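Fold and contact review
Residue-level listing of the chains:
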Amino acid sequence: MIAPDWFRDDRLPHIYCTGCGNGTIINCTLAGVEEMGWKRNETVFVSGIGCSSRAPGYILTDSLHTTHGRALAFATGVKMARPDLHVVVFTGDGDLAAIGGNHFIHACRRNVDMTVVCMNNHIYGMTGGQGSPTTPPGAISTTTPYGMSEPAFDLAELAVAAGANYVARWTSYHVKELTKAVVAGMQTPGLAFIEARTQCPTNYGRHNKLRSVPAMIEHLRSHAMLVAKRDRLVAEGKPVPEGTFTVGELVRRSRPAMGVQR
Amino acid sequence: MSRTEFMQGNAACAEGALAAGCRFFGGYPITPSTEIAETMARKLPKAGGVFISMEDELASIAAVIGAAWTGVRAMTATSGPGFSLMMENIGYAAMTETPCVVVNIQRGGPSTGQPTRAAQGDMLQCRFGSHGDYSTIALTPNSVQEMFDLTAKAFDLADRYRVPTFLMSDEIVGHMRERVTIPDAVEVERPRPLAEGALPFEAGDDGTPGFAPFGSGRAVHVTGLTHDERGYPDTTDPEAHDKLVRRLVAKIESARRDIADYEVVNPDAETVFVTYGPPSRTVEQVMRDRPDDSIGHLRLRVVWPFPEFALKVFPNARTFLMPELNMGQMVREVQRHVDQPVISIPKIGGELHTPAELVRVLEAYR
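Residues numbered from 1 in each chain as written. Chains lettered and ligands numbered in written order. Predicted model: local features only at pLDDT ≥ 70, side-chain atom pairs only at ≥ 80, totals over all residues. Heavy atoms only, no water.

1. Details of the overall build of chain B
Looking only at helices and strands, chain B features twelve helices and 16 strands. For 366 residues, the compact-globule estimate of 2.2 N^0.38 gives 21 Å, and the C-alpha radius of gyration of chain B, at 20 Å, lies within 12% of that figure. Counting only C-alpha atoms, chain B reaches 65 × 45 × 45 Å along its principal axes. Within chain B, the fraction of its 366 residues that count as buried is 61%. In chain B, of all internal contacts separated by at least 6 residues, the share reaching a separation of at least 24 is 75%. On chain B, roughly 13700 Å² of surface is accessible, and the fraction owed to carbon and sulfur atoms is 50%. If the 36 positive side-chain charges of chain B are averaged to one point and the 48 negative ones to another, these points end up 3 Å apart. (Helix = DSSP H or I, 4+ residues; strand = E, 2+ residues; numbered from the N terminus. Rg over C-alpha atoms; globule rule 2.2 N^0.38 Å. Buried < 20%, exposed > 50% of the residue type's maximum accessible area, 1.4 Å probe, protein only. Contact = heavy atoms within 4.5 Å. Areas by Shrake-Rupley, 256 points an atom, 1.4 Å probe, with all protein chains shown as cover. Lys, Arg positive; Asp, Glu negative; His and termini not counted. Charge placed at Lys NZ, Arg CZ, Asp CG, Glu CD.)

In structure tokens:
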């Protein structure tokens, strides 16, 4: 599973908190890169700001750790200038959907040939646990002390609507499925968006009665529902259980894409 | 052989970039800079380059920086409000030592201001607009020919010093039409490659590290965080921050004599006009109308890093006069380097000083 050749040994130890799910997602992504047979000197990792965005710093390739929210715009420049390079973006829910929302929809619309892995922990982790655009209604954070009062973004649905060629959602529990989705995304020309819901025991779980890592992962597992099952329930006119979210492949298509190497 | 054409300043800027080998343009439409993007949209694909209209100015400069790290020459063009939006990533480019060119066709501000009128209101923003300490290079053309020449030169300076470099033009020069001589080829100076065994952000004696673009197999980690010579974050050590930021500033400031570019008329003069950009054209008119050795002119083609030594070229100077299309931005920089009185001749509203306006001030102070 692990791709040790890709780790920047001299950067360890990493800064992630105990129990953080980001390492799992990095592992799954690197496993995907290995499976694709991409070489280190032809793969570039790009990120914005936040916990997720520190990931490229631990990977032994050229990498661009940019400004908050702008990773996809930087990555667009890299990919369009050098279509022969493989571009993988790590981002988080705050980075991608709040400050980076405009870049997100436009990168999907352009369908730039890159792989975007979003570590969605439903919180601004690095700044200490403030509410983000994916914090579930009612959840407690340092800026939603009475419970989140705004609806949450569904990032994967947003990517589908905006035009990405490949969109999937899994969690840090679904390690094998997530890796397969990363590979499928990398194989699909155009923008591949993979949302990986993940645990943040330090800044999300602590405030929401999910302090233990197993509890958080179990929460993700038990609330994940396969797309096919959800569709079946809807077709049969049965209620979809409250609080569940879909996992699986939401779209794989071949709309015109930019930056595809010919 | 070169060719002569009659063209607009903004078109000449695009031509200068193309001649210098620019192969990536990311931009967002804004008056009065759009003809640069339009020309690039038409010509870059035919030259094997990439033109992309990004979703906003933050994305434009971000894409330019991303492209620059793949080793291509990359630029964007904008005007005041867009320039303001770019500021965070301009600081990122300074911190990460990314060579790139930003063209600002200045218009009247603040805010949306006068989109179709000229100004020189962003002269301090281009030096101090982003947060923290850093230094950059800014060129100020006063003709369509210089839009071509200085744009090409901006790429060389950006590459040599690995710094975002600004072409600080304005609506007057951007939209005026003049004859331009376009050379067949422009000599191009690329960044020094990263030496074998050298660390990615290890600077030599000149303060500028070698450059290893993405894909060259050097696994360079680029971050806007305070970093060590390996490029690894080192954000809490006071010495690491001090060493890095001092070097970023010093590599530009200590090269001010090499970067400087200015014109001197009548060095023995007692009353000296100091100009940059189009107000120099009015001064030239005044001096043509009244040949007089007691009137001098220092015209800056590079304003940052500021070439204070150029002011010493006028040993008999008793007064400096400084017409600017703002309320007196660069005049402060002149004042802090000379003992003589420096008289600001500000003008805002979108029009150039008339010769009569300058003559009035000249008569009052000589």
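From this point, the narrative continues.
2. Section: the overall build of chain A
Across its full length, chain A holds eight helices and eight strands. Its C-alpha radius of gyration of 17 Å places chain A within 12% of the 18 Å reference for a compact globule of 262 residues. Along the longest, intermediate and shortest principal axes, the C-alpha atoms of chain A span 50 × 45 × 35 Å. The 262 residues of chain A split such that 58% are buried. Here chain A displays about 10400 Å² of accessible surface, and carbon together with sulfur accounts for 55% of that area. Charge separation in chain A, taken as the distance between the mean sites of 26 positive and 21 negative side-chain charges, equals 2 Å.

3. Digging into helix α6 (residues 175-187) of chain A
Between the first and last C-alpha of α6 of chain A there are 18 Å, a value that for 13 residues agrees with the 18 Å anticipated at 1.5 Å per step. Within α6 of chain A, burial applies to Leu 178, Thr 179, Ala 181, Val 182, Val 183, Ala 184, Gly 185 and Met 186 of chain A. (Expected span 1.5 Å × (residues − 1).)

4. With respect to the nonpolar core
By size, the foremost hydrophobic cluster in this structure holds 88 residues, and its most contacted members are Val 46, Leu 64, Val 89, Met 114 and Phe 193 of chain A together with Phe 24 and Trp 69 of chain B. Once residues within four sequence positions are removed from consideration, Trp 69 of chain B is found in contact with Leu 64 of chain A together with Thr 96, Glu 97, Thr 98, Arg 162, Phe 201, Phe 211, Ala 212, Pro 213, Phe 214, Val 220 and Val 222 of chain B. Among the nonpolar cores identified, the runner-up in size contains 44 residues, and Val 144, Leu 150, Ala 255 and Val 302 of chain B belong to it. (Core = buried A, V, L, I, M, F, W, Y, C linked by side-chain atoms within 4.5 Å.)

5. Observations regarding the sheet that holds strand β13 (residues 295-300) of chain B
All names here are of chain B. Reading across the sheet, the five strands line up as β11-β13-β12-β15-β16 and stay open at both edges, with mixed pairing between neighbours. Edge positions in the sheet fall to β11 (262-265) and β16 (342-346), since each of these pairs with one other strand and no more. Put simply, the sheet's adjacent strands are angled 20° from each other on average, direction ignored. Two strands pair when backbone bridges link them, and β11 and β13 are joined in this way by four bridges, in the antiparallel orientation. Counted as the bridge partner of Glu 263 is Arg 299 from β13. Its contacts with the sheet put helix α10 (residues 279-289) on β11, β12 (271-276), β13 and β15 (319-324), and the angle it makes with β13 is roughly 155°. (Pairing = 2+ DSSP bridges. Axes fitted to C-alpha atoms, helices over the stretch in contact; angles between N-to-C directions.)

6. A word on α10 of chain B
Residues spaced three or four apart along an α-helix face the same direction, because each turn holds 3.6 residues. Residues and elements named next belong to chain B. Residues of α10 that are buried include every one of Pro 279, Ser 280, Thr 282, Val 283, Val 286 and Met 287, and no others. In a view along the axis of α10, the buried residues occupy a sector of 155°, so they form one face of it. The inward-facing, buried residues of α10 abut β11, β12, β13, β15 and α12 (355-365). (Arc of directions from axis to C-beta.)

7. Description of the pattern of salt bridges
When their charged atoms lie close together, side chains carrying opposite charge are able to pair. Across all of its chains, the model carries 38 salt bridges over all chains by this definition. Asp 84 of chain A is paired through a salt bridge with Arg 82 of chain A; the nearest N and O atoms lie 2.8 Å apart. Using a relative accessible area of 31% as the deciding quantity, one classes Asp 84 of chain A as partly exposed. Residue classification places Arg 82 of chain A among the partly exposed positions, given a relative accessible area of 21%. Residues Arg 252 of chain A and Glu 249 of chain A are paired through a salt bridge, measuring 2.8 Å at the closest nitrogen-oxygen approach. Three or more residues joined by partner-sharing salt bridges are found here, namely Glu 146, Lys 153, Asp 261, Glu 263, Arg 299 and Arg 301 of chain B. (Salt bridge = Lys/Arg side-chain N within 4 Å of Asp/Glu carboxyl O.)

8. Concerning unusual backbone geometry
Of the consecutive residues Leu 12 of chain A and Pro 13 of chain A, the connecting peptide bond is found in the cis state with omega at 5°. Along the polypeptide, Pro 13 of chain A turns up in the segment before α1 (22-36). Residue Pro 110 of chain B is bonded to the preceding Gly 109 of chain B through a cis peptide linkage, with omega at 5°. For Ala 219 of chain B, which is not glycine, the phi torsion reads 50° and is therefore positive.

9. Thoughts on the pairing of β15 of chain B
Residue and element names in this part refer to chain B. Counted residue by residue, β15 has six buried out of six residues, so it is predominantly covered. By the alternation rule, side chains of β15 split into Thr 319, Leu 321 and Pro 323 and Phe 320, Met 322 and Glu 324, which are all buried. As paired strands, β12 and β15 are joined by three bridges and run parallel to one another. Within β15, the residue paired with Thr 271 across the bridge is Thr 319. The pairing of β15 with β16 spans five bridges and is parallel. Within β16, the position partnered with Leu 321 by the bridge is Ile 343.

10. Looking at the packing of aromatic side chains
Residues and elements named next belong to chain A. Tallied over the entire structure, the rule returns twelve aromatic pairs over all chains. Here the aromatic rings of Phe 45 and Phe 90 are separated by 5.7 Å at their centres, their planes lie at 10°, and the arrangement is stacked. One end of the pair, Phe 45, is in strand β1 (residues 43-47); the other, Phe 90, is in strand β3 (residues 86-92), and 45 residues separate them in sequence. Residue class for Phe 45 comes out buried when judged on its relative accessible area of 0%. (Phe/Tyr/Trp six-rings, centres within 6.5 Å; stacked < 30°, edge-to-face > 60°.)

11. Description of the sheet that holds β1 of chain A
Judged by pairing direction, the sheet is mixed, and its nine strands sit side by side in the order β7(A)-β8(A)-β5(A)-β6(A)-β4(A)-β3(A)-β1(A)-β2(A)-β10(B) without closing on themselves. The sheet terminates laterally at β7 (224-226) of chain A together with β10 (221-223) of chain B, the two strands that pair on one side only. On average, adjacent strands in this sheet sit at an angle of 20° to one another, irrespective of strand direction. Where strand β5 (residues 166-171) of chain A meets strand β6 (residues 191-197) of chain A, six bridges bridge the pair, whose relative direction is parallel. In the strand pairing of β6 of chain A, Thr 171 of chain A is matched with Arg 197 of chain A. Its contacts with the sheet place helix α7 (residues 213-223) of chain A against β5, β6, β7 and β8 (245-252) of chain A, and it is angled at close to 30° to β7 of chain A.

12. A few points about the interface of chain B and chain A
Taken residue by residue, the interface counts 36 residues in chain B and 32 residues in chain A. In total, chain B and chain A occlude about 2700 Å² of area from one another, counting both sides; carbon and sulfur atoms represent 60% of this. Of all residues in chain B, the largest losses of buried area upon contact with chain A belong to Glu 55, Phe 214 and Tyr 232 of chain B, amounting jointly to 22% of the total for that side. At the surface where chain B touches chain A, the tally comes to one salt bridge. (Buried area = accessible area lost by both parts, 1.4 Å probe.)

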